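Residue-level structural notes
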Amino acid sequence: MKRVLQILSPSPAQAQTLLLWALGLFVLPLALFVAVAMLQAQPPPQVLALRSADLWQEPLGRMVFDTARLKALVQTAPDFSRASWQPVSLPHHIELYASVDLPPDAPKLRAWFRVQVPSALAGSANASGRLGLMGNRVMGGPWAVWANGQLVQANLADWRMQWNTPLRVMLPPGATELLIAVPYAQAQGYAMGTLFVGPADAIDLAWQARNFWQADAPRAASVIALVMMLVSLQLALGRRREPVFALLTANALVWALVNLQYFYDFTGQDALSAWFGAAMDVSINWSIVLNALFVFEFERIKLPRLRVGLVLYACAMTLLTLPLWQWEKNALLAQSYVNAVVYLVAIAVLARHVLRAPS
């Protein structure tokens, strides 16, 4: 009876020991099993890679890629009787120059990629439903997919983000010939990744797997950063004499903002999209500066002049890269190089401190 009472009324140390044994015998094996199960090789989706296509470059003349013009463009097919098709391998691209600053009405073209649905796959489509098409990556203007001469889908809703969002289209029954159109500025180029055709459910699985690290992971990282910001803010308000918590709060906020560039844009609102893009670029500057300031504070590295210089640099870049000045393309290129230099300086200062006074 005494033994039973001891078990029912354990001391704090005994309760802690019981918890550790329970974790070791139940929770850890459970977590290990789930991890091993998830790391097992999943059967790949039953899709076929299309490694080649026919390409035709349709000249569009000088035009502005605004929302209204693009909407009309993707719904219009040219006269293919004058098309000159050339075989190309996928992925295929025309490389973008290091720095391009073009007038809005710069010469435009439209790249047409023509592919055939494999006959064996098309013949088995009735057993598993409709077929789908997926593309790893498309860069340029909004893509449009045509099947047997009819428009199936156009990407007007988020074409500014399509460099990071795989193409996915469900094909109509009986589709045999597919055309993918990508308008682009002649001096800026385009890119078309590998294309995949398969049953709709397999295409969905392939799209989800491809999209996970490109958009889902950054979105989750932003949510985690916001939670970290709220926790750090509470500590910052409670410990105002310790600025490290305020710096961690600012860092977490900027981390949440930086990740937005991977999954969000104001497509369809050209002016707002330009300002939003500038804000995303500037957030990288602030992320580098706030990272450095946080590390300096955490390691008790004083250097007040360097700290002030870093803050002034971030403020200056914020103002200089505003879309108001119409030179944000060159400013973006310049700030990328300067950011690298600033980061190397911060790393060098930290390395010198750690070597001299390791903590």
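For the structure itself, look to the data block above.
Report on the accompanying structure. Since this is a predicted model, take the numbers as computed values, not measurements.

A few words on the overall build of the protein. Summing up its helical and strand segments, the protein has 10 helices and 13 strands in all. Over its C-alpha trace the protein gives a radius of gyration of 27 Å, far above what one expects of a compact globule, namely 21 Å for 359 residues. In terms of principal-axis extent, the alpha carbons of the protein reach across some 90 × 65 × 35 Å. The burial tally for the protein puts 35% of its 359 residues in the buried class. Put simply, of all contacts in the protein between residues at least 6 apart along the chain, 81% involve residues at least 24 apart. Working note: accessible area of the protein is about 21,300 Å², and carbon and sulfur atoms make up 66% of it. Taking the average location of the 26 positive side-chain charges in the protein and that of its 19 negative ones, the two points are 13 Å from each other.

Helix length check: helix α6 (residues 200-238) (39 residues) gives 54 Å between terminal C-alpha atoms against 57 Å at 1.5 Å per residue, within 8%. Taken as a whole, α6 carries its principal kink of about 65 degrees at Phe212.

Turning our attention to the packing of aromatic side chains. Tallied over the full model, the rule gives 12 aromatic pairs. Considering the side-chain rings of Trp56 and Phe80, the 5.9 Å spacing of their centres and the 65 degrees angle between planes classify their relative orientation as edge-to-face. Placement of Trp56 in strand β2 (residues 52-62) and of Phe80 in the loop between α3 (67-74) and β3 (86-89) is noted, with a sequence separation of 24 residues between them. Judged by its relative accessible area of 5%, Trp56 is buried. Under the relative-accessibility criterion, Phe80 is labelled partly exposed at 29%. Put simply, the rings of Trp56, Phe80, Trp85, Trp112 and Trp146 pair up and form one aromatic cluster. Over the ring of Trp207 we find Arg168; its NZ or CZ atom is 3.7 Å from the centre of that ring. Positioned over the ring face of Phe263 is Arg219, at 4.7 Å from the centre of the ring.

Bringing the nonpolar core into the picture now. Buried together is how nonpolar side chains tend to be arranged in soluble globular proteins. If you look at the biggest cluster of nonpolar residues, it comprises 29 residues, and the most contacted ones within it are Phe113, Leu133 and Ile180. Going through the elements one at a time, β2, β5 (107-116), β6 (131-135), β8 (144-147), β10 (167-170), β11 (177-185), β12 (190-192) and β13 (195-199) are the ones with two or more residues in this core. Residue contacts for Leu133: discarding those within four places in its chain leaves Val145, Leu167, Arg168, Val169, Leu171, Leu178, Ile180, Leu195, Phe196, Val197 and Ile203. Core analysis: the second largest hydrophobic core is formed by 17 residues, Ile288, Ala292, Leu293 and Leu310 among them.

Next up on the list: the packing of α6 against helix α7 (residues 243-258). Interhelical geometry of α6 versus α7 gives an angle of 160 degrees and a closest axis separation of 8 Å. If you check the angle between α6 and α7, you find them roughly antiparallel. You can see that α6 and α7 cross each other, and the crossing is left-handed. On the side of α6, the interface is formed by Ser222, Ala225, Leu226, Met228, Met229, Ser232, Leu233, Leu235 and Ala236, while α7 contributes Phe245, Ala246, Leu248, Thr249, Ala252, Leu253, Trp255 and Ala256. Partitioning the contact of α6 with α7 into residue classes produces 14 nonpolar, three polar and no charged.

One pass over the structure, following the stated rule, counts seven salt bridges. Linking Arg110 and Glu58 is a salt bridge whose minimum nitrogen-to-oxygen distance equals 2.8 Å. In this pair, Arg110 is assigned in strand β5 and Glu58 in strand β2, connecting sequence segments 52 residues apart. Here Asp216 and Arg219 are joined by a salt bridge, their closest N and O atoms 3.2 Å apart. Here Asp216 and its partner Arg219 are both found in helix α6, three residues apart, which amounts to about one turn of the helix.

All right, on to the sheet that holds β6 then. Judged by pairing direction, the sheet is antiparallel, and its four strands sit side by side in the order β1-β13-β6-β10 without closing on themselves. Where the open sheet ends on each side, the last strands, each with one partner, are β1 (48-50) and β10. Averaged over all pairs of adjacent strands, the angle between their axes in this sheet comes to 20 degrees, without regard to strand direction. For β1 and β13, the ladder comprises three bridges, and the chain directions are antiparallel.

With that settled, the discussion passes to the pairing of β2. For a regular strand, side chains alternate in direction, first toward one face of the sheet and then toward the other. Across four bridges, β2 lies against β3 in antiparallel orientation. The residue bridging Ala53 from the neighbouring strand is Val88, located in β3.

Further remarks concern the sheet that holds β8. Backbone-to-backbone hydrogen bonds pair the strands of a sheet. The strands run either parallel or antiparallel. Read from one edge of the open sheet, six strands run β3-β2-β5-β11-β8-β9, paired in antiparallel fashion. With one partner strand each, in any of the chains shown, β3 and β9 (150-154) form the two edges of the open sheet. Recorded for the sheet is a direction-independent mean angle of 30 degrees between the axes of neighbouring strands. In terms of strand pairing, β2 meets β5 through eight bridges, oriented antiparallel.

Cut-off values and rules
- Residues numbered from 1 in each chain as written.
- Predicted model: local features only at pLDDT ≥ 70, side-chain atom pairs only at ≥ 80, totals over all residues.
- Heavy atoms only, no water.
- Helix = DSSP H or I, 4+ residues; strand = E, 2+ residues; numbered from the N terminus.
- Rg over C-alpha atoms; globule rule 2.2 N^0.38 Å.
- Buried < 20%, exposed > 50% of the residue type's maximum accessible area, 1.4 Å probe, protein only.
- Contact = heavy atoms within 4.5 Å.
- Areas by Shrake-Rupley, 256 points an atom, 1.4 Å probe, with all protein chains shown as cover.
- Lys, Arg positive; Asp, Glu negative; His and termini not counted.
- Charge placed at Lys NZ, Arg CZ, Asp CG, Glu CD.
- Expected span 1.5 Å × (residues − 1).
- Bend = angle between axes of the 7 residues up to and from the residue.
- Phe/Tyr/Trp six-rings, centres within 6.5 Å; stacked < 30°, edge-to-face > 60°.
- Lys NZ or Arg CZ within 6 Å of the ring centre and 35° of its normal.
- Core = buried A, V, L, I, M, F, W, Y, C linked by side-chain atoms within 4.5 Å.
- Axes fitted to C-alpha atoms, helices over the stretch in contact; angles between N-to-C directions.
- Parallel < 35°, antiparallel > 145°, perpendicular 65-115°, else oblique.
- Left-handed = near helix turned anticlockwise from the far one by under 90°.
- Nonpolar A, V, L, I, M, F, W, Y, C, P; charged D, E, K, R; others polar.
- Salt bridge = Lys/Arg side-chain N within 4 Å of Asp/Glu carboxyl O.
- Pairing = 2+ DSSP bridges.

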